[in-house]
Amino acid sequence: MASVSTPQPLATALRQIEAAASPVSGHPTDYPPGWHIASHAHTKHQLIYAVQGVMVVQAEAGRWVVPPTRAIWMTAGMRHEIKCIGEVHMRSLLVAPEAAPKLLDSTQAVAIPPLLRELIRAAMDVPQPYVPGSRDGRLMRLILDELRALPVLPLHLQMPADPRLLRICTLLQKRLNDPSTLADWAQRLAVDVKTVQRLFVKQTGMTFGQWRTQARLLRALELLATGEKVIDVALTLGYDSPSAFATMFRKQFGQTPSQFFAAL
């Protein structure tokens, strides 16, 4: 079984990633609670996945909270940083772009089906470089097939480019319990409310209400992963009651918060 590495200086880790000669390589690393991987990019696609712990991934394309049932497909060249919530056992895959041209062409949150989860575990033991026609090579080829079929998930918070909307979103993320309506924000910015509505949908793919709900959901995942009580999270995020918060959570994940984290 391949040894799991401890966190290395970022420059060292990037050199190892770029040096891998095979089309697919596995990188197992265990990170202590609160570890922060600074902003960086590499020339290979990356499936950012952890078998234990919750990660917050921030990239130019958006922001995601990633529990062990999910992962982030990070396209080559996309700058990103990662914050570990609790102890994180990361099991990343690095894929050379020329190895599989039909993979996802944008950074996305994805589900990790049981078969792929086990393939990822097995890939951590494959030495580099491997022989394409060998058992190891066939295993990695099967991983590429599974990566082509990754189910995309909506665990994404798209930040707008318009400075007026960006100001709203930035302030909201600092005060997610703020009950202000879109009309309130439009009045503060002296902008027509219909203009703000149109820009929100155009630049984020969501209405203002949907965006705020998504921001609250992602923050809730962070807080719950650190052991915060559901009632405290609900009140922190501006919900009238734990049941109202649980209803929102179940609508997104099909489970209550306690069921979701118990399953992890």
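The rules behind the values
- Throughout this description, residue numbers start from 1 for each chain and increase along the sequence as written.
- Where local features are concerned, this predicted model is filtered to residues with pLDDT of at least 70; where side-chain atom pairs are given and counted, the filter is 80 or more; whole-chain, interface and lining totals use all residues.
- Side-chain descriptors were evaluated using all non-hydrogen atoms of the structure, hydrogens and water having been removed beforehand.
- Note on conventions: DSSP H or I runs of at least 4 residues are helices, E runs of at least 2 residues are strands, and numbering of each starts at the N terminus.
- Within these notes, the globule rule equals 2.2 Å times the number of residues to the 0.38 power, and the radius of gyration is based on C-alpha atoms.
- When checking whether two residues touch, look at their non-hydrogen atoms; a contact exists if any pair is within 4.5 Å.
- When charges are counted, Lys and Arg are positive and Asp and Glu negative, with His and the chain ends excluded.
- Where a charge lies is defined by one atom per residue type, namely NZ (Lys), CZ (Arg), CG (Asp) and CD (Glu).
- Axes here mean lines fitted to C-alpha atoms, for a helix over just the part in contact, with angles spanning 0 to 180 degrees between N-to-C directions.
- Should an angle fall under 35 degrees it is taken as roughly parallel, and over 145 as roughly antiparallel, whereas 65 to 115 is taken as roughly perpendicular and any remaining angle as oblique.
- Any residue that is not Ala, Val, Leu, Ile, Met, Phe, Trp, Tyr, Cys, Pro, Asp, Glu, Lys or Arg is counted as polar, Gly included; the first ten are nonpolar and the last four charged.
- Note on classification: 1.4 Å probe, protein chains only; a residue is buried when its accessible area is under 20% of the maximum for its type, exposed when over 50%, partly exposed between these limits.
- Think of it as the arc spanned by the lines of direction from the helix axis to the C-beta atoms.
- We define a salt bridge as a contact between a side-chain nitrogen of Lys or Arg and a carboxyl oxygen of Asp or Glu at a distance within 4 Å.
- Each helix should span, by expectation, one fewer than its residue count multiplied by 1.5 Å.
- Residues belong to one nonpolar core when they are buried, are Ala, Val, Leu, Ile, Met, Phe, Trp, Tyr or Cys, and are joined through side-chain atoms within 4.5 Å.

**What to know about the overall build of the chain**
Stage number 1. Scanning the chain from terminus to terminus reveals 10 helices and 8 strands.
Stage number 2. At 20 Å, the chain has a C-alpha radius of gyration in line with the 18 Å of a compact globule built from 264 residues.
Stage number 3. Taken along its principal axes, the extent of the C-alpha atoms in the chain is 65 × 35 × 35 Å.
Stage number 4. Relative to all contacts within the chain whose residues are 6 or more apart in sequence, the contacts with residues 24 or more apart total 72%.
Stage number 5. Counting 28 positive and 20 negative side-chain charges, the chain places the averaged centre of each group 4 Å from the other.

**Here's the deal with the packing of helix α4 (residues 163-174) against helix α6 (residues 193-204)**
Stage number 1. Interaxial distance between α4 and α6 falls to 10 Å at its minimum, and their mutual angle equals 80°. Looking at the two axes, α4 sits roughly perpendicular to α6. Where α4 abuts α6, its residues R164, L165, I168 and C169 lie against V196, L199 and F200.
Stage number 2. Per-class residue counts for the contact of α4 with α6 are 6 nonpolar, no polar and 1 charged.

**What about the environment of A246?**
Stage number 1. Its place among the elements puts A246 in helix α9 (residues 242-253).
Stage number 2. Measuring from C-alpha to C-alpha, the distance between A246 and I231 comes to 9.6 Å, with 15 residues separating the pair along the chain.

**Thoughts on the environment of G53**
Stage number 1. Tracing the backbone shows G53 in strand β3 (residues 45-59).
Stage number 2. When its relative accessible area of 16% is taken as the criterion, G53 is described as buried.
Stage number 3. As a C-alpha pair, G53 and D30 span 23 residues in sequence and 9.9 Å in three-dimensional space.
Stage number 4. In this structure, G53 is in contact with V66, P67, P68, I85, E87 and V88, ignoring residues within four places of it in sequence.

**Focus: helix α5 (residues 182-189)**
Think of an α-helix as turning once every 3.6 residues; residues three or four places apart then point the same way.
Stage number 1. For α5, the full list of buried residues reads L182, W185, A186 and L189. Axial view of α5: buried residues confined to an arc of 100°, hence all on one face.
Stage number 2. A positive backbone phi angle near 55° is found at A190, which sits one or two residues after α5.

**A closer look at the pattern of salt bridges**
Stage number 1. By the definition in use, this model includes 9 salt bridges.
Stage number 2. One salt bridge in this structure joins E222 and R63, with 2.2 Å as the shortest N-O distance. Here E222 is found in helix α7 (residues 208-225), whereas its partner R63 is found in strand β4 (residues 62-66), with 159 residues between them in sequence. Of the two residues, E222 and R63, neither departs from the other in class, the shared state being buried.

**A short note on unusual backbone geometry**
Stage number 1. Following Q128, the chain continues to P129 via a peptide bond in cis, the omega torsion being -10°.
Stage number 2. Within the secondary structure, P129 sits in the loop between α2 (114-123) and α3 (135-148).
Stage number 3. Despite not being glycine, A190 has its phi angle at roughly 55°, a positive value.
Stage number 4. The residue A190 is located in the loop between α5 and α6 in this model.

**Some points on α3**
Stage number 1. Here α3 spans 20 Å end to end across 14 residues, near enough to the 20 Å set by a 1.5 Å rise per residue.
Stage number 2. Regarding α3, the residues found buried are G137, L139, M140, I143, L144 and L147. Buried residues in α3, looked at end-on, bunch into an arc of 160°, giving them a common side. Relative to its buried face, α3 has exposed residues pointing more than 90 degrees away, namely R135 and R138.
Stage number 3. Elements in contact with the buried residues of α3: β1 (24-31), β3, β5 (70-74), β6 (80-95) and α2.

**Things to note about the side chain of H89**
Stage number 1. Secondary-structure assignment places H89 in strand β6.
Stage number 2. In contact with H89, not counting residues within four places along its chain, are T29, D30, Y49, A50, V51 and Q52.

**Structural notes on the nonpolar core**
Stage number 1. Judged by nonpolar contacts, the single largest core of 37 residues is most densely connected at I168, V196, F200, W211, F245 and F249.
Stage number 2. If you list the elements that add at least two residues to this core, you get β3, α4, α5, α6, α7, α8 (230-236) and α9.
Stage number 3. Of all the elements, α7 adds the most residues to this core, at 9 residues.
Stage number 4. Ignoring anything within four residues of it in the chain, the contact list for F249 reads L217, L221, L224, G254, Q255, T256, P257 and F260.
Stage number 5. Membership of the second largest hydrophobic core comes to 26 residues, among which are L93, A96, M124 and L144.

In short, geometric facts, not functional conclusions.
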